[in-house]
Amino acid sequence: MNPPLLELRGVARIYQTGDEPFRALDDVDLRIDAGEMVAIIGPSGSGKSTLMNILGCLDHASAGEYLIAGQVTSDLESQDLARMRRTHFGFIFQRYHLLPHLDAVQNSEIPAIYAGLKKSERKARAIRLLARLGLGDRLGHRPGQLSGGQQQRVSISRALMNGGQVILADEPTGALDSKSGEEMLALLGELHQQGQTIILVTHDPEVAAHAGRIIEMRDGRIIRDQRRQPSGRVAAGRAIGDEAADGSRLGAALGRSSEAFRMAWFAMSSHRLRTLLTMLGIIIGITAVVCVVALGQGAQQKIVDDINAMGTNVITIAPGQGWGDTRAATIHTLVPSDLDALKAQGYIDSVTPSLTTSKLLRYRNITASASITGVSEGYFRVRGLDIDRGGFFTAAEVRQLAQVVVIDPNTAAKLFSAAEDPVGKVVLLGGLPCRVVGVTKEKDSPFGNNQNLNVWLPYTSAMGRLIGQPYFNSITVRVAEGFDNEQAEKNITELLIRRHGGADFYTSSSDTILKTVNETTTTMTLLIASIAVISLIVGGIGVMNIMLVSVTERTHEIGIRMAVGARQGDIMQQFLIEAVLVCLLGGACGILLSYAVGWVFPLFVSSIRMKFSLLSIVSAVICSTLIGVVFGFLPARNAARLDPVDALARD
Ligand code: ADP
Ligand code: MG
């Protein structure tokens with residue numbers, strides 16, 4: 001003989017409220033066969049709803065065993081219980097428990113979504129069921145636009161969506177007027193005729209009279225179990241297991257995801273302001289990070305370009321061990337004979353020493369402080385300076401300690417009027433009268449065009465007549481075209497070590513400067529960006545906060561979804577998607593805002609351009625997704641772990 005469809009063996013349900021455990025159900029034995037129509041009656045508080053919840057796998061028995069078609073349920077996981085609810089049971093509640101923002105069709109569809117039915121199929125089925133229940137002209141109405149009786153019929157359609165072999169109706173007529181109540185019972189009767197197993201809770205004996213079997217409860221116990229007809233309908237009833245299993249796995253998962261996505265989108269758009277404020281943290285964080293990185297890369301690019309413009313084949317030799325060596329000032333070994341030795345090397349295109357001082361510059365009644373550099377005729381070529389007017393001084397003039405100077409455009413503008421030609425005029429460098437022989441062209445310097453006045457005179461004159469120092473501050477070499485820069489640097493170092501008897505100098509080529517600049521700016525950018533990341537984290541916490549609120553607000557909805565068969569994973573997915581969606585949208589806004597900043601920025605700052613890299617955009621997107629997942633996880637898990645009965649009870 002087949003096992004009964006539903007069987008309770010010594011089932012108890014104990015609530016732990018206050019000090020005393022309370023037995024809402026006590027030692028209940030019950031067998032219900034397929035195709036029966038059972039009415040459960042009893043006074044309020046006698047445990048009817050508790051019994052229904054256990055029968056419908058919404059709740060666990062505290063003691064005893066519950067078997068469905070002979071299968072013990074106590075060791076089923078929440079996953080399997082959800083599957084039971086989804087595939088075999090259909091709940092009808094006293095207060096309908098429809099989702100207020102979905103229309104009749106969408107409400108009916110929910111169990112089929114979680115069962116993985118194809119969209120077109122489930123829609124067609126929902127429409128067919130609703131039409132059969134007399135709601136063909138109310139398909140697009142939301143619960144608020146339907147009468148109580150109509151809402152209850154929508155909930156029947158929802159209960160039948162996945163087959164619903166066992167319909168569990170907990171006081172289905174309780175909230176209805178007597179006419180709608182009668183229609184409701186007629187409908188349940190009809191379903192019973194078609195083979196559905198129906199379990200109906202009521203406190204109304206007249207309602208109970210519709211059923212073939214009446215079970216009476218009091219204080220958590222069954223006190224009467226009366227069969228008014230022989231249970232001859234068993235054969236007609238459908239046993240659990242007939243129904244096809246859930247739809248195809250991949251398609252089903254996709255369908256559920258798209259539903260979760262739709263729900264998340266709905267939740268966001270129904271609280272627009274709140275969503276926007278939540279996103280603000282993410283927007284600001286992403287904008288900060290993307291802009292800082294873009295600025296850093298722009299600055300770096302600018303410096304690199306400038307250094308490249310100076311020529312990559314220039315090597316500078318200076319005393320000391322490296323930049324900022326404090327003993328460098330006491331090392332006086334870079335002397336004119338080094339210069340001659342370097343000039344003799346085949347791989348060197350041109351070479352210039354430099355010694356620098358600062359002196360007052362005077363022409364007629366105008367006085368200005370200028371930076372005076374003693375150089376050789378090769379300097380202008382090494383530095384890539386072009387002449388605007390006049391010419392550079394010559395090798396002969398250098399040899400003769402000639403009192404001639406080349407000035408830069410700043411100096412020309414400072415000392416001479418626009419109409420005056422500086423070439424040929426005599427200016428005073430400190431006390432030394434010098435004739436201006438040339439004016440250089442404007443040249444971008446690496447760190448913006450400064451306002452310094454630069455004056456160059458032959459290094460021999462500077463050493464002999466102006467400063468009186470027999471050594472150079474540095475020597476700069478331009479390596480011959482086609483010769484390897486690194487090799488040249490090595491050769492020069494060897495040559496000078498031989499001459500000086502030791503390494504009391506260091507060389508730096510624009511290559512090494514480039515490397516240093518790259519390293520420093522990258523470090524700086526990373527540092528500032530990591531500070532900006534803090535605002536991202538703060539934004540993430542904001543998302544978590546709002547998601548927790550959202551879960552609390554929608555506890556009832558979660559309960560309904562679980563009652564009709566949503567898995568924990570489905571609930572989790574819905575809230576995670578919402579969190580990720582908020583963060584992704586925030587991220588997208590942040591990226592747009594960054595571009596807006598990048599567009600406005602050049603209007604205020606001309607020397608640096610922001611350089612947006614694809615990498616920073618991609619990492620911004622990945623970042624916002626991660627933030628959504630990380631900070632959405634806790635609220636989503638809270639939602640998924642809700643107890644369906646508790647969640648349903650809350651409003
Ligand atoms: P009925 O549906 O027959 O009116 P219920 O099954 O809802 O009764 O409740 C049976 C008893 O269990 C009641 O006394 C109720 O107070 C108690 N009860 C129900 N749910 C809980 C709960 N979550 N915690 C504590 N007691 C509960
Ligand atoms: Mg009840």
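Computed from a predicted model, the values in this text were never measured in an experiment.

A. View of the pairing of strand β4 (residues 63–68). As paired elements, strand β1 (residues 6–16) and β4 share 5 bridges and run antiparallel to each other. Bridge pairing in β4 places leucine 6 opposite isoleucine 68. As judged from the 2 bridges shared by β4 and strand β5 (residues 71–72), these two strands associate in the antiparallel manner. If you follow leucine 67 over to β5, its bridge partner there is valine 72. The antiparallel hairpin formed by β4 and β5 contains 2 residues in its connecting segment, where alanine 69 sits at a positive phi of about 50°.

B. View of the pattern of salt bridges. Across all of its chains, the model carries 28 salt bridges by this definition. Residue aspartate 26 is joined to arginine 23 by a salt bridge in which the shortest nitrogen-to-oxygen separation is 2.9 Å. A relative accessible area of 41% means that arginine 23 is categorised as partly exposed. A salt bridge links arginine 567 to aspartate 570, with the nearest nitrogen and oxygen atoms 2.9 Å apart. On the basis of relative accessibility, which here comes to 10%, the residue arginine 567 falls in the buried class. Beyond isolated ion pairs, a larger network of salt bridges with shared partners links Glu7, Arg9, Arg31 and Glu65.

C. Structural context of the sheet that holds strand β9 (residues 213–218). The 6 strands are arranged β6-β7-β8-β3-β9-β10 in an open sheet whose pairing can be described as mixed. Each of the sheet's edge strands pairs with one partner strand only, and the pair in question is β6 (89–92) and β10 (221–227). Each strand axis lies, on average, 15° off the axis of its neighbour in the sheet, ignoring direction. Where strand β3 (residues 37–41) meets β9, 4 bridges bridge the pair, whose relative direction is parallel. Within β9, the position partnered with alanine 39 by the bridge is isoleucine 214. Contacting β6 and β7 (166–170), helix α5 (residues 148–160) runs over the sheet at an angle of about 170° to β6.

D. Focus on the site of ligand 1. Around ligand 1, a shell composed of Tyr15, Thr17, Phe22, Ala24, Pro43, Ser44, Gly45, Ser46, Gly47, Lys48, Ser49 and Thr50 is seen. Within the contact set of ligand 1, an oxygen atom lies 2.7 Å away from a backbone nitrogen or oxygen of glycine 45. Here an oxygen atom of ligand 1 sits 2.8 Å away from a polar atom, N or O, in the main chain of lysine 48. Protein contact buries 64% of the 560 Å² of open area that ligand 1 shows by itself. Secondary structure elements with two or more residues in the shell around ligand 1: β2 (21–32) and α1 (48–55). No other element matches the 3 residues that α1 contributes to the shell around ligand 1. Residues of the shell around ligand 1, tallied by class, amount to 4 nonpolar, 7 polar and 1 charged.

E. Spotlight on the packing of aromatic side chains. If you walk through the whole model with that rule in mind, you get 10 aromatic pairs. Between tyrosine 363 and phenylalanine 416 the ring centres are 4.5 Å apart and the planes differ by 50°, which places this aromatic pair in the tilted class. Taken together, the residues span a long stretch of sequence, with tyrosine 363 in strand β12 (residues 348–363) and phenylalanine 416 in the loop between α13 (409–415) and β16 (426–429) at a distance of 53 residues. Aromatic side chains phenylalanine 380 and phenylalanine 392 sit 4.0 Å apart centroid to centroid with 15° between the ring planes, which places their arrangement in the stacked category. Here the residue phenylalanine 380 occupies a position in helix α11 (residues 379–383), and phenylalanine 392 occupies one in the loop between β14 (387–390) and α12 (395–399), the gap between them amounting to 12 residues. Phenylalanine 392 sits in the partly exposed class, given a relative accessible area of 30%. Put simply, the rings of Tyr379, Phe380, Phe392, Phe393 and Trp456 touch in pairs and so form one group of aromatic residues.

Cut-offs used in this document
Residues numbered from 1 in each chain as written. Chains lettered and ligands numbered in written order. Predicted model: local features only at pLDDT ≥ 70, side-chain atom pairs only at ≥ 80, totals over all residues. Heavy atoms only, no water. Pairing = 2+ DSSP bridges. Helix = DSSP H or I, 4+ residues; strand = E, 2+ residues; numbered from the N terminus. Salt bridge = Lys/Arg side-chain N within 4 Å of Asp/Glu carboxyl O. Buried < 20%, exposed > 50% of the residue type's maximum accessible area, 1.4 Å probe, protein only. Axes fitted to C-alpha atoms, helices over the stretch in contact; angles between N-to-C directions. Contact = heavy atoms within 4.5 Å. Near = heavy atom within 4 Å. Polar contact = N/O pair within 3.5 Å; in protein donor to acceptor, adjacent residues only side chain to side chain. Areas by Shrake-Rupley, 256 points an atom, 1.4 Å probe, with all protein chains shown as cover. Nonpolar A, V, L, I, M, F, W, Y, C, P; charged D, E, K, R; others polar. Phe/Tyr/Trp six-rings, centres within 6.5 Å; stacked < 30°, edge-to-face > 60°.

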